Amino acid sequence: MSPSDPGVLALELILAKRRNEQLGSHDIESVLAGYLLGTVGEAQMAALLMAICWRGMSPSEVNAWTEAMISSGMRQDLSGLSRPTVDKHSTGGVGDKVSLVLVPLVAACGAAVPQLSGRGLGHTGGTLDKMESIPGWRAVLGPEEMAGILEEVGCVICAASPDLAPVDRRLYALRDVTGTVESIPLIASSIMSKKVAEGTRALLLDVKVGSGAFMADREEARRLALTMIGIGQAYGVDTRAVLTDMDAPLGMAVGNAVEVAEAIDTLRGGGPPELRQLVLEEAGEMLHMVGLEADPAAALDDGRAWQKFSEMVRAQGGDPEAALPRGDTLATISASSDGFLHRLDARSIGLAAWQLGAGRARAEDPVSKVAGALCSARRGEWVVKGQPLLQLVGDEPARLEHALQALEGAITISPSPAPEHVQILERLGPEDLA
Ligand code: URA
């Protein structure tokens, strides 16, 4: 029988996980409840997380861990909305502004998209930080306001309520400072607990693979996607995934306001072709999941997606027509020789933008709206010596030195043609679960 003292139970679970034994569902629920109440301390939870990092979790342990996180808070009920709900989650990448275009686009095609987003931490940006460069826009909405906008407009991008999976919030902060973020069961349960609690009926996961992603390795990304699909299935959330390339930044802009500007171009029917293509592929998947047959390309080209974005921004206090803030050009990186651009390393460019202030080192740090990087050539393209490849922009020239250091070795030019890159590496669904 499990001990009733949460501290004693936590110790037993740490020792059991160290020995690679299965943890029982009830014990997982008790230890996470104890952590939220303060009867299990930070040291014990950190040790348990580290043991999980090394030993992993079985599918039934992952489901129990996810359930304990969901039941630590409220669960939204969106079943009363007049349109089918479908959401998308990206594991995060450099220049990844897909949600800014995809969310209003899918809403313009008839679905309701309840996008609860996060802020950036480290070299990958956060959707909320990007959207906050729009003058007046508010990320924080109450659950009723969110549901109201969702019904009226069809989409919302906002911060998750602190009442959704509150234990995940605490655990994520602890994982961040204890080297326990990179664990597939912990990442999967963290993401899925919030998506299940949010109340969406269907979910598309964009699992990024490559130097700028959480998962540099394709097999690991595949395991993460399948673990999340399995959790979705357990909760009746129709969950599918695409594994997508993140070796180079997505599109030309990396930062906050610069990414919003690029997203707006795409919403108006322009934008970088690779961004438009990925958005259309993901929109097609999402609409198919909820049985809608609209043509997303038409909605981008005839202005409906842009109109939906404008309605959403206005509903959240922002002005979609207002000029976005702009930074100064702090440096331009040019090609060192003629040749094909083989590598424009996503991680290095993300780190450079972060060094300029586009991202934060700690959750409470502010971010610069205007800092970032603008690519002026694409991977695979022929470039000539002296041609500008990358502009660094920002508002604090003193940060430039570290940004330039981050870019060392980021660009490779070669006389031979570069291999072709595809955006979508693989599509996965419940049929791929073993
Ligand atoms: N995003 C989350 O919400 N949780 C993780 O653990 C990692 C990324």
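Refer to the structure above for everything that follows.
Predicted model only: the values in this text are computed from it and were never measured.

### Notes on the site of the ligand
Next up, step 1: Near the ligand you find Tyr172, Arg175, Ile187, Ser190, Ile191, Lys194 and Phe214, and these make up its full shell.
Next up, step 2: Within the side chain of Lys194, one N or O atom sits 2.5 Å away from an oxygen atom of the ligand.
Next up, step 3: With the chains in place, 89% of the 240 Å² that the ligand exposes on its own is no longer accessible.
Next up, step 4: The greatest single-element share of the shell around the ligand, amounting to 4 residues, is contributed by helix H9 (residues 184-198).
Next up, step 5: A class-by-class count of the residues in the shell around the ligand yields 4 nonpolar, 1 polar and 2 charged.

### Some details on the packing of helix H4 (residues 59-70) against H9
Next up, step 1: Here H4 crosses H9 at 40°, and the two axes come no closer than 9 Å. Our classification of the angle between H4 and H9 gives oblique. With respect to the hand of their crossing, H4 and H9 are arranged in right-handed fashion. Residue-level contacts link Val62, Trp65, Thr66, Met69 and Ile70 of H4 to Pro185, Leu186, Ser189, Ser190, Met192, Ser193 and Val196 of H9.

### Thoughts on the sheet that holds strand E1 (residues 86-90)
Next up, step 1: Reading across from one edge, E1-E4-E5-E13 is the order of the 4 strands in this open sheet, with mixed pairing throughout. Each edge of the open sheet is held by one strand with a lone partner, namely E1 and strand E13 (424-428). Between one strand axis and the next, the sheet turns through 20° on average, direction left out of account.
Next up, step 2: Pairing between strand E4 (residues 202-209) and strand E5 (residues 238-245): 8 bridges, direction parallel. Note that in E5 the partner of Leu205 across the bridge is Ala241.

### Examining the pattern of salt bridges
Next up, step 1: Applying the stated criterion to the full structure yields 27 salt bridges.
Next up, step 2: The partner of Glu61 in a salt bridge is Lys17, and the shortest N-O contact between them spans 3.1 Å. Residue Glu61 is found in helix H4, and its partner Lys17 is found in helix H1 (residues 6-18); the two are separated by 44 residues along the sequence. Each member of the pair, Glu61 as well as Lys17, carries the same accessibility label: buried.
Next up, step 3: Between Arg170 and Glu42 there is a salt bridge, with the nearest N and O atoms lying 3.0 Å from each other. Of the two residues, Arg170 is situated in helix H8 (residues 166-178) and Glu42 in helix H3 (residues 42-55); the sequence distance between them amounts to 128 residues.

Procedures and definitions
Residues numbered from 1 in each chain as written. Predicted model: local features only at pLDDT ≥ 70, side-chain atom pairs only at ≥ 80, totals over all residues. Heavy atoms only, no water. Near = heavy atom within 4 Å. Polar contact = N/O pair within 3.5 Å; in protein donor to acceptor, adjacent residues only side chain to side chain. Areas by Shrake-Rupley, 256 points an atom, 1.4 Å probe, with all protein chains shown as cover. Helix = DSSP H or I, 4+ residues; strand = E, 2+ residues; numbered from the N terminus. Nonpolar A, V, L, I, M, F, W, Y, C, P; charged D, E, K, R; others polar. Axes fitted to C-alpha atoms, helices over the stretch in contact; angles between N-to-C directions. Parallel < 35°, antiparallel > 145°, perpendicular 65-115°, else oblique. Left-handed = near helix turned anticlockwise from the far one by under 90°. Contact = heavy atoms within 4.5 Å. Pairing = 2+ DSSP bridges. Salt bridge = Lys/Arg side-chain N within 4 Å of Asp/Glu carboxyl O. Buried < 20%, exposed > 50% of the residue type's maximum accessible area, 1.4 Å probe, protein only.

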